[in-house]
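Residues per chain, in single letters:
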Amino acid sequence: MKNHSRQEFKAIQRLASLLAKEYAEDFLRLLVIYKNISASEAAARLGLHIKTAQDFLEGLAEADILEKKEASERKRPYYRYSLKRNTIEISLALDTLYQPQPSSSLFALKIRERKNSGALFKEGQGNRIAALHIFTGEGRNREEKRLNLTPCQGRFLFYLPFPTEKPLKVKEIMAKASLSEDCLPEIQDLLNIMGKHGILDQE
Amino acid sequence: MQESKLKFSELEMMIFTLSLIGAILLATLIFGQLGFAWAFSVVQILMFTIHFVVLIRTKNPVYFIPTGMYGLWGLTFFPPLAHSPLHEVFAVISVFFLVGFIWVLATKKINWRYREILELAAKPVTDASDGFTSRPFVSGQANFSRNEALGLARFLLKHVICFPIIEAERIVLVIPRVMWVYLLGFRRSYEEATYVALAKSGEIIVRIAQSDYQKFKNELTFDQLCQSLGELFKQFLQHYQEGEPQKIIHKLNSI
């Protein structure tokens, strides 16, 4: 995920978490009724702690739903909040969450299993690997992570060259495994995981 | 004679045999002659049962010889039959079975072939670059029908060379260290076992279990070892297809 899409996703997460609050509907209704409102006024009206009301209002202001203006009364400055818009739209383009590597460069990648990778492969029915067991850490901190593989990933792994064999291009392995290009994103994800855990030799 | 590439691999059977001998000795020490007779006859009945099950599973008539021998020894030494009029008849017939059993052992007719198979597979492999993986290896293609693969599987089972597991898409020929584990039904899957599978697609798939790979003295280059094991079974298949399955036995006896 690229940085800008990650930031967008985080902003949506923050907004969604605000809207998921039990008091969100009442709070938003209050913001529609009142031209502008302070945190203490809203807290008193809804029976909330002032800090809770303050956080909710600040969150909506950060999401650019509220306008925040400084006001002063009896020497102490405070903020008043008013709605900037009458609708809240949440839109997330899911495609932005995954930027595939160009298929030409992935196809050309030469790979094989790394010698003494420590990974365990559980065989499934037919010519496929059903699960990949990855071990991380040492001694008491040693942990096992089991990845259940999709049929595409399982067949790809079945035909992955052995550690002492000549590396093969991803395209060649896919041809051996009779896999179509539709499987490429799943295979890329698997290769990323295997690469991260030192199970693959890449050229 | 070529030096073996395998370490000692008969530990399980040695422990089994020593346990039986130990049980007989213990019974003799504690209960004297009667203890010996009971323990010895119980061991013989156990061995009779094992060989009888193997006779049924393999349908190999040669197993009639050890089955008969152990059965008759069991009857000869069984204390409640000590005064039976048939006691001496059992003992005399068992001598003939003993002679037959010696012949069976000398001609390797009921030998398990785990060692020979691994030795033959390792023979052409000279590199020792390790590279073990628990994944199966596709060692190539062969032309065969399902009936031919089933026929080969039956032949290999009859001669206790492999234990076949029949699947819809392939016939898996397991090469166990202790064949009884499969023949007596203690194990039914090939998980963590060494096998050669003949797939419907014609692919020969080989998997060498880590425990079996560790039986080799050197860390033989793993893909070459798997390839060689696959080639060996391709030869077995070819002998069977040519109507000369006995060549498989000759090849195994050559080690």
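Residues numbered from 1 in each chain as written. Chains lettered and ligands numbered in written order. Predicted model: local features only at pLDDT ≥ 70, side-chain atom pairs only at ≥ 80, totals over all residues. Heavy atoms only, no water.

Q: Got a minute to help me understand the sheet that holds strand S2 (residues 66-73) of chain A in this structure?
A: Hydrogen bonds between backbone atoms are what pair the strands of a sheet, whose relative direction is either parallel or antiparallel. Residues and elements named next belong to chain A. Pairing is antiparallel in the open sheet, where three strands are placed in the order S1-S3-S2. Each edge of the open sheet carries a strand with a single partner, namely strand S1 (37-38) and S2. One ladder, built from two bridges, connects S1 with strand S3 (residues 76-83); its direction is antiparallel. The residue of S3 that forms the bridge with Ser-38 is Arg-80. On the sheet, helix H2 (residues 24-33) packs against S1, S2 and S3 and is oriented at approximately 95 degrees with respect to S3. (Pairing = 2+ DSSP bridges. Helix = DSSP H or I, 4+ residues; strand = E, 2+ residues; numbered from the N terminus. Contact = heavy atoms within 4.5 Å. Axes fitted to C-alpha atoms, helices over the stretch in contact; angles between N-to-C directions.)

Q: Mind showing me how you'd approach the interface of chain A and chain B here?
A: Many analyses report the size of an interface as the accessible area lost when the parts associate. The interface of chain A with chain B comprises 20 residues on the first partner and 22 residues on the second. The largest contributions to the chain A side of the interface with chain B come from Glu-123, Phe-162 and Thr-164 of chain A, which together make up 35% of the buried area. The tally of links from chain A across to chain B stands at four salt bridges. The shortest N-O distance in the salt bridge between Arg-207 of chain B and Glu-123 of chain A comes to 3.2 Å. For the pair chain A and chain B, the number of links is 14 residue pairs in polar contact (both at pLDDT 80 or more). Counting residues per element, the side of chain A that touches chain B draws most heavily on strand S5 (residues 120-123) of chain A, at four residues. Taken together, the residues of the side of chain A that touches chain B sort by class into 11 nonpolar, four polar and five charged. (Buried area = accessible area lost by both parts, 1.4 Å probe. Salt bridge = Lys/Arg side-chain N within 4 Å of Asp/Glu carboxyl O. Polar contact = N/O pair within 3.5 Å; in protein donor to acceptor, adjacent residues only side chain to side chain. Nonpolar A, V, L, I, M, F, W, Y, C, P; charged D, E, K, R; others polar.)

Q: Looking at this structure, I do not really get helix H3 (residues 39-46) of chain A. What am I missing?
A: Side chains three or four residues apart in an α-helix point the same way, a direct result of the helix having 3.6 residues per turn. All names here are of chain A. Those residues of H3 lying buried are Ala-39, Ala-42 and Ala-43. Down the axis of H3, the buried set is contained in an arc of 100 degrees. They therefore lie on one face. Residues of H3 that are buried make contact with H2, S1, helix H4 (50-62) and S3. Positive phi shows up at Gly-47, right after H3, with a value of about 70 degrees. (Buried < 20%, exposed > 50% of the residue type's maximum accessible area, 1.4 Å probe, protein only. Arc of directions from axis to C-beta.)

Q: I'm lost on the domain arrangement of chain B in this one. Help?
A: Residues and elements named next belong to chain B. Parsing chain B into structural domains produces domain 1 (11-106) and domain 2 (114-253). The centre of domain 1, based on its C-alpha atoms, is set 32 Å off from the matching centre of domain 2. Tallying the contact residues gives 14 residues for domain 1 and 12 residues for domain 2. Note on domain 1 versus domain 2: buried area summed over both sides is about 1100 Å², and carbon and sulfur give 69% of it. (Domains from an automatic or database assignment.)

Q: I would appreciate a short explanation of the nonpolar core in the present structure.
A: Soluble, globular proteins show a tendency: their nonpolar side chains are buried together. By size, the foremost hydrophobic cluster in this structure holds 71 residues, and its most contacted members are Ile-111, Leu-132 and Phe-156 of chain A together with Val-174 of chain B. Among all residues touching Leu-132 of chain A, those that are not within four sequence positions of it are Ala-119, Leu-120, Phe-121, Lys-145, Arg-146, Leu-147, Leu-149, Leu-190, Met-194 and Ile-199 of chain A. Among the nonpolar cores identified, the runner-up in size contains 42 residues, and Leu-156, Ile-204, Leu-225 and Leu-237 of chain B belong to it. (Core = buried A, V, L, I, M, F, W, Y, C linked by side-chain atoms within 4.5 Å.)

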